[in-house]
Amino acid sequence: MKLKILLTRRWPDTIEKALAEDFNVTIVDDPLTFDQWRQAMQEYDALCPCVADKLPAGIFQFDKPSRTKLIANYGVGYNHIDIVAAAQAGVAVTNTPGVLTDATADIALTLMLMISRRAGEAERQLRAGLWPGWYPTHLMGTSMTGKTLGIVGMGRIGQALAMKAAHGFGMKILYHNRRELHDARTQGMQAIYYKRLENMLPKCDFVSLHCPGGTETRHLFDTKMLSLLPTHSYLINTARGDIIDENALYLALREGNLAGAGLDVYELEPSVEPGLLRLENVVLLPHLGSATLETRTAMGERARQNLLAFASGKELPDRVV
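Residues numbered from 1 in each chain as written. Predicted model: local features only at pLDDT ≥ 70, side-chain atom pairs only at ≥ 80, totals over all residues. Heavy atoms only, no water.

**Q** What is the right way to read the pairing of strand β9 (residues 206-209) from this model?
**A** If a strand is regular, its side chains alternate between the two faces of the sheet. A two-sided burial pattern is seen for β9, the buried positions comprising Phe206 and Ser208 on one face and Val207 and Leu209 on the other. When strand β6 (residues 148-152) meets β9, the two strands line up parallel, connected through four bridges. Bridge pairing in β9 links Leu149 to Phe206. Examined bridge by bridge, β9 and strand β10 (residues 234-237) share four bridges and lie parallel to one another. In the sheet register, Phe206 faces β10, and the bridge partner there is Tyr234. (Buried < 20%, exposed > 50% of the residue type's maximum accessible area, 1.4 Å probe, protein only. Helix = DSSP H or I, 4+ residues; strand = E, 2+ residues; numbered from the N terminus. Pairing = 2+ DSSP bridges.)

Printed below as a string of structure tokens:
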């Protein structure tokens, strides 16, 4: 008998068809309530959430053992899942690492270009019919070439961005990480390590966030940390929304204490700090980091491989807990 699995959103067609060959698949396209999650834990062998879903500890606390024994997360980040509670309930959790590295680094680079060259502001002006025509001082931005990029979190995505920025734009790379990287991992690129984030920020023209979410990094960029950035600098976030205190960022941008920001993630997605929506010096994207057909298909395939391993009793290739 095929195992029953639940997808909480539509996946690329090719992956849905492949899953249907091996599993009894149910697909819902609306967020599940807390009670619906609890019920699903008793009805399905595996659940496949994404970053937009929230699985707190209470979902894993029940009077009898749950039918669900695997949470096959569609995405690399898993701070939306209480993995401690899952482990205590005997539920394994997997993710999809490695397949969205370049796509997310590309979006970070896109945001850097858009905000520094005022591309969002310019497009809004043109679409509104307010473009007065070319003149020498129209919407002058800032060049990225030769500037200093500070990277917070030098994992796969941070390293990919560093390579693209250094080799494509000749940017000087600084980084803050839990530990210093071995020279071989910088692939011939000079990257200067800062153990203390506070020491790195004042030296940056651009700062891009690529650290994990969770309690350790929640509001890491608060009023105090934002004040350490030069007033001409730009802050980019493609990691997790709650790393930045959005209200503090709004105030810094409004008061001119920061030149601009480019965001792809938000603390209370899909809601965005209202103040940010009113500012011209911020570019806002709707969580597009992995949004290429190739990447989203690869993510689904990675999740499928974890599901197949689970079904056959094999070791889970991407087990988090």
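**Q** Could you clarify how one ought to interpret the environment of Thr223 in this entry?
**A** Relative to the assigned elements, Thr223 resides in helix α8 (residues 223-226). Placed 26 residues apart in sequence, Thr223 and Leu249 show a C-alpha to C-alpha distance of 7.4 Å.

**Q** What is the right way to read helix α2 (residues 34-43) from this model?
**A** Residues separated by three or four positions in an α-helix point in the same direction, a consequence of the helix having 3.6 residues per turn. Every buried residue of α2 is listed here: Trp37, Ala40 and Met41. Around the axis of α2, the buried residues are gathered within 105 degrees of arc, so they sit on the same side. Tucked inside the fold, the buried residues of α2 contact β1 (4-7) and β3 (46-48). (Arc of directions from axis to C-beta. Contact = heavy atoms within 4.5 Å.)

**Q** Before we go on, may I ask you to explain the nonpolar core in this structure?
**A** Within soluble globular proteins, side chains that are nonpolar tend to cluster in buried spots. One finds Met112, Leu149, Ile173 and Leu307 to be the most contacted residues of the largest nonpolar core, which totals 47 residues. Each residue touching Leu307, except ones within four places of it in the same chain, is listed here: Ile5, Leu19, Phe23, Ala46, Cys48, Leu70 and Ala72. By size, the runner-up hydrophobic cluster in this structure holds 30 residues, among which are Cys211, Leu235, Ala239 and Tyr250. (Core = buried A, V, L, I, M, F, W, Y, C linked by side-chain atoms within 4.5 Å.)

**Q** Honestly, a nonpolar patch on the surface in this entry has me stumped. Any pointers?
**A** Together, Leu126, Trp131, Trp134 and Tyr135 make up an exposed nonpolar region whose accessible area comes to about 540 Å². Here Leu126 is to be found in helix α5 (residues 119-127). (Patch = residues over 30% accessible without salt bridge, like charges linked within 9 Å, V, L, I, M, F, W, Y side chains within 5 Å. Areas by Shrake-Rupley, 256 points an atom, 1.4 Å probe, with all protein chains shown as cover. Salt bridge = Lys/Arg side-chain N within 4 Å of Asp/Glu carboxyl O.)

**Q** Where do I start with the packing of helix α1 (residues 13-22) against helix α11 (residues 293-311) in this structure?
**A** Any two packed helices are characterised by the angle at which their axes cross and by the distance between the axes. The geometry of α1 relative to α11 is characterised by a closest axis approach of 9 Å and an angle of 15 degrees between their N-to-C directions. The angle between the axes of α1 and α11 places the two elements in the roughly parallel class. Note that α1 runs across α11; the crossing there is right-handed. Of the residues in α11, those touching α1 at Thr14, Ile15, Ala18, Leu19 and Asp22 are Thr297, Gly300, Glu301, Arg304, Leu307 and Leu308. When its residues are assigned to classes, the contact of α1 with α11 shows five nonpolar, three polar and three charged. (Axes fitted to C-alpha atoms, helices over the stretch in contact; angles between N-to-C directions. Parallel < 35°, antiparallel > 145°, perpendicular 65-115°, else oblique. Left-handed = near helix turned anticlockwise from the far one by under 90°. Nonpolar A, V, L, I, M, F, W, Y, C, P; charged D, E, K, R; others polar.)

**Q** Can you walk me through helix α4 (residues 101-116) in this structure?
**A** The end-to-end C-alpha separation of α4 is 23 Å, in line with the 22 Å expected for 16 residues at 1.5 Å each. Where α4 is concerned, the buried positions are Thr101, Ala103, Thr104, Ala105, Ile107, Ala108, Leu109, Leu111, Met112, Ile115 and Ser116. Taken from the residues just after α4, Arg118 is the one with a positive phi, measuring 60 degrees. (Expected span 1.5 Å × (residues − 1).)

**Q** Hey, could you run me through the packing of aromatic side chains in this one?
**A** For any pair of aromatic rings, geometry is given as the distance between the ring centres together with the angle between the planes. Inspection of the entire model under this criterion finds three aromatic pairs. Their ring planes at 45 degrees and their centres at 5.3 Å tell us that Tyr175 and Tyr193 sit as a pair that is tilted. Taken as a pair, Tyr175 in strand β7 (residues 172-176) and Tyr193 in strand β8 (residues 191-194) lie far apart in primary sequence, 18 residues in all. Judged by relative accessible area, Tyr175 falls into the buried class, the value being 1%. Taking NZ or CZ as reference, Lys4 lies 4.7 Å from the ring centre of Tyr44, over its face. (Phe/Tyr/Trp six-rings, centres within 6.5 Å; stacked < 30°, edge-to-face > 60°. Lys NZ or Arg CZ within 6 Å of the ring centre and 35° of its normal.)

**Q** What exactly am I supposed to notice about the side chain of Asp45 here?
**A** Within the secondary structure layout, Asp45 lies in the loop between α2 and β3. In terms of polar contacts, Asp45 uses its side chain to reach the backbone amide nitrogen of Lys4, at 2.7 Å. Residues within four places of Asp45 in sequence aside, it is in contact with Leu3, Lys4, Arg67, Thr68, Lys69, Leu70 and Phe310. (Polar contact = N/O pair within 3.5 Å; in protein donor to acceptor, adjacent residues only side chain to side chain.)

**Q** Any chance you could explain the environment of Leu307 here in plain terms?
**A** Structurally, Leu307 can be placed in helix α11. Expressed as a C-alpha distance, the spacing of Leu307 and Leu3, which sit 304 residues apart in the sequence, is 9.5 Å.

**Q** I'm lost on the pattern of salt bridges in this one. Help?
**A** Two side chains with opposite charge may pair up if their charged atoms get near one another. For the structure shown, the criterion picks out 15 salt bridges. Put simply, Lys164 and Asp106 hold a salt bridge, and the shortest N to O gap is 3.1 Å. One end of the pair, Lys164, is in helix α6 (residues 156-169); the other, Asp106, is in helix α4, and 58 residues separate them in sequence. Assessed through its relative accessible area of 25%, Lys164 is described here as partly exposed. Owing to a relative accessible area of 35%, Asp106 belongs among the partly exposed residues under this scheme. Counted as one network, the salt bridges with shared partners bring together Asp22, Glu301 and Arg304.

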